[in-house]
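# Structure assessment
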Amino acid sequence: MRIYLIFIYIFLYAPIALIVGGSFNAGKQAMIWQGFSLEWYGKAFSNPLITEALGTSLYIALSTAAISAVLGLITALGLERVKGWLRTFFDALIYIAIMVPGIVIGISTLIAFVSIFDLVNPMLMASFNLQLQMGSWAVIAAHVLFNIAVVALLVRARLQGMDRSLVEASEDLYATPLGTFRQVVLPLLAPAVLAGFLLAFTFSFEDFIIAYFVAGPDVTLPIYVFSSIRRGVTPEINAVGTVVLGTSLVLLVIAQMILQRGDARRTSADG
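My aim in this report is to walk through the structure given alongside it, one point at a time. Throughout this document, residue positions are counted from 1 along each chain, in the order its sequence is written. In view of the model being predicted, local features appear only for residues whose pLDDT reaches at least 70, and side-chain atom pairs are presented and counted only at 80 or more, with totals across whole chains, interfaces and linings using the full set of residues. Computation of side-chain values covers all heavy atoms of the structure but excludes hydrogens and water.

This brings us to helix α4 (residues 85-99). The end-to-end C-alpha separation of α4 is 21 Å, in line with the 21 Å expected for 15 residues at 1.5 Å each. Working definition: with a 1.4 Å probe on protein chains only, accessible area under 20% of the residue-type maximum means buried, over 50% means exposed, and in between means partly exposed. Helix numbering and strand numbering both begin at the N terminus, where a helix is a DSSP run of H or I of at least 4 residues and a strand a DSSP run of E of at least 2. Among all positions in α4, only R87, D91 and I94 are buried. All buried residues of α4 lie within an arc of 60° about the axis, which places them on one face of the element. Within α4, the exposed residues directed more than 90 degrees away from the buried face are W85, T88 and M99. Against the buried residues of α4 lie α3 (48-80) and α6 (136-160). A helix is expected to reach a length of 1.5 Å times the quantity of its residues less one. Starting at the helix axis, one direction is taken to each C-beta atom, and the arc is that of these directions. Residues count as neighbours in contact if any of their non-hydrogen atoms are within 4.5 Å of one another.

Dropping the structure here:
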């Protein structure tokens, strides 16, 4: 079994190790090692096409994370008050939103936007001489669709372990519903909301499939990388991939640490 596990891990992580190692190659060919160098990182992020794509990806990811955190929190709080078969139905919708493949979300979102454009653009052209088109806003809308479900699941897990007596005590002290939410509920849910924000940022930042369908003229970093590797893999692309990989891993670790610390504080408070 140990031998099998070793081969499985080699199969999973060897390609990633090749990308990371190739980013430090001094030569111009990614697969021919010609010495250690950091020059490709400097060249990659001094390339205006890469920096522009990076800026677009950061804008989309931050917007997606912020919107998803707010809407996911509202969704979780709303579902907490729903009971019976209706709650089961909405729970199923949340899980389906996460389970649906990205290519299905991309195609369905593209069809939906095109249908809306066909209806709205003639009126906009006649009234304001403008028309809607695909772009960063469409990517944000598509990413928010499934990231709301991610945040909602994290917040709901936090809600289920929350001490209800704190809310009841706040109400007994004549706090308003808004005051109770702001001073009691939100601080307790903050670790889950922040972790959901980081996960939504990560999923949006590294997404290619959905963005490829609805980005229109805007180019995100994953789309730029995909377009570049058609001409061959270079150490510059490996450097970009390594930075994206490192950023994603760091954010995932931070999100996990936030959740664990939040659980530890809740356990100590209950104790």
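Moving on: the pattern of salt bridges. For salt bridges, the criterion is a side-chain nitrogen of Lys or Arg within 4 Å of an Asp or Glu carboxyl oxygen. On inspection of all chains with the given rule, the structure shows one salt bridge. As a salt-bridge pair, D91 and R156 come within 2.3 Å of each other at their nearest N and O atoms. Of this pair, D91 sits in helix α4 while R156 sits in helix α6, placing them 65 residues apart in sequence. For the pair shown, D91 and R156 are each scored as buried.

This part covers the packing of α4 against α6. The angle between two axes is taken between their N-to-C directions and runs from 0 to 180 degrees, where each axis is a line fitted to C-alpha atoms and a helix contributes only its stretch in contact. Across the interface, α4 lies against α6 with an axial gap of 8 Å and an inter-helix angle of 130°. Considered as vectors, α4 and α6 are oriented oblique to each other. Considering the relative orientation of α4 and α6, their crossing is left-handed. Judged by residue contacts, R87, D91, I94, Y95, A97 and I98 of α4 engage L145, F146, A149, V150, A152, L153, R156 and Q160 from α6. In this count, Pro and Cys sit with the nonpolar residues alongside Ala, Val, Leu, Ile, Met, Phe, Trp and Tyr, while Asp, Glu, Lys and Arg are called charged and the others, Gly among them, polar. Its residues assigned to classes, the contact of α4 with α6 shows ten nonpolar, one polar and three charged. Each angle is binned into one of four classes, with values under 35 degrees roughly parallel, values over 145 roughly antiparallel, values of 65 to 115 roughly perpendicular, and all other values oblique. Put simply, a crossing is left-handed when the front helix is turned counterclockwise from the back one by less than a right angle, and right-handed when it is turned clockwise.

With that settled, the discussion passes to a nonpolar patch on the surface. What goes into a patch is any residue over 30% in relative accessible area without a salt bridge, connected to like charges within 9 Å or, for nonpolar side chains (Val, Leu, Ile, Met, Phe, Trp, Tyr), within 5 Å. We get accessible surface area from the Shrake-Rupley algorithm with a probe of 1.4 Å; when it comes to residues, only the shown protein chains can shield them. Together, M1, Y4, L5, I8, Y9, F11, L12, Y13 and I16 make up a nonpolar patch on the protein surface, roughly 1,100 Å² of accessible area in all. Within the fold, I8 resides in helix α1 (residues 2-22). Overall, I8 belongs to the partly exposed group, its relative accessible area being 45%.

Contact geometry for helix α5 (residues 102-128) and α6: axes closest at 11 Å, N-to-C directions at 130°. Between α5 and α6, the crossing angle belongs to the class labelled oblique. Crossing hand, α5 versus α6: right-handed. Between α5, through I105, T109, F113 and F117, and α6, the contact on the second element is made entirely by W137, A138, A141, A142, L145 and F146. Residue composition of the contact of α5 with α6, by class: nine nonpolar, one polar and no charged.

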